[in-house]
Amino acid sequence: MMEILFKHLPWLYLAGVNLFEFFAMYLDKQRAKKGKWRIPESELLLVGLIGGGIGGLLAQQLFHHKTRKLRFYFIFILGTIIAVAIIYFSYKR
């Protein structure tokens, strides 16, 4: 049972971090529209970098949020590459 959990742990991690990034971008966009307190860009970028790039890129396109800031594209693409590396190396062992 534990072996199965550990085998799927990278997928669970990446699903969680990408869902978190996606909803954080959505929440930040909604708050921006209402002029309310925002999520710091550094936090959005950090979550994107630690594997949440896919969720960030998807949220950018769906919500038209942070699309003019090239550092978000760069970090989200780098985070996507990191996510692919996590999956690759988890199955390579």
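Just above sits the structure.
Residues numbered from 1 in each chain as written. Predicted model: local features only at pLDDT ≥ 70, side-chain atom pairs only at ≥ 80, totals over all residues. Heavy atoms only, no water.

Draft legend 1. Structural context of the overall build of the protein chain. Across its full length, the protein chain holds three helices and zero strands. In sequence order, the protein chain lays out its α and β elements as α-α-α. With the C-alpha coordinates aligned to their principal axes, the bounding extent of the protein chain is approximately 50 × 25 × 20 Å. Within the protein chain, the proportion of its 93 residues that are buried is 37%. Counting every atom, the protein chain has about 6400 Å² of accessible surface; 72% of that belongs to carbon and sulfur. Taken as two groups, the 13 positive and 5 negative side-chain charges of the protein chain have centres that lie 7 Å from each other. (Helix = DSSP H or I, 4+ residues; strand = E, 2+ residues; numbered from the N terminus. Buried < 20%, exposed > 50% of the residue type's maximum accessible area, 1.4 Å probe, protein only. Areas by Shrake-Rupley, 256 points an atom, 1.4 Å probe, with all protein chains shown as cover. Lys, Arg positive; Asp, Glu negative; His and termini not counted. Charge placed at Lys NZ, Arg CZ, Asp CG, Glu CD.)

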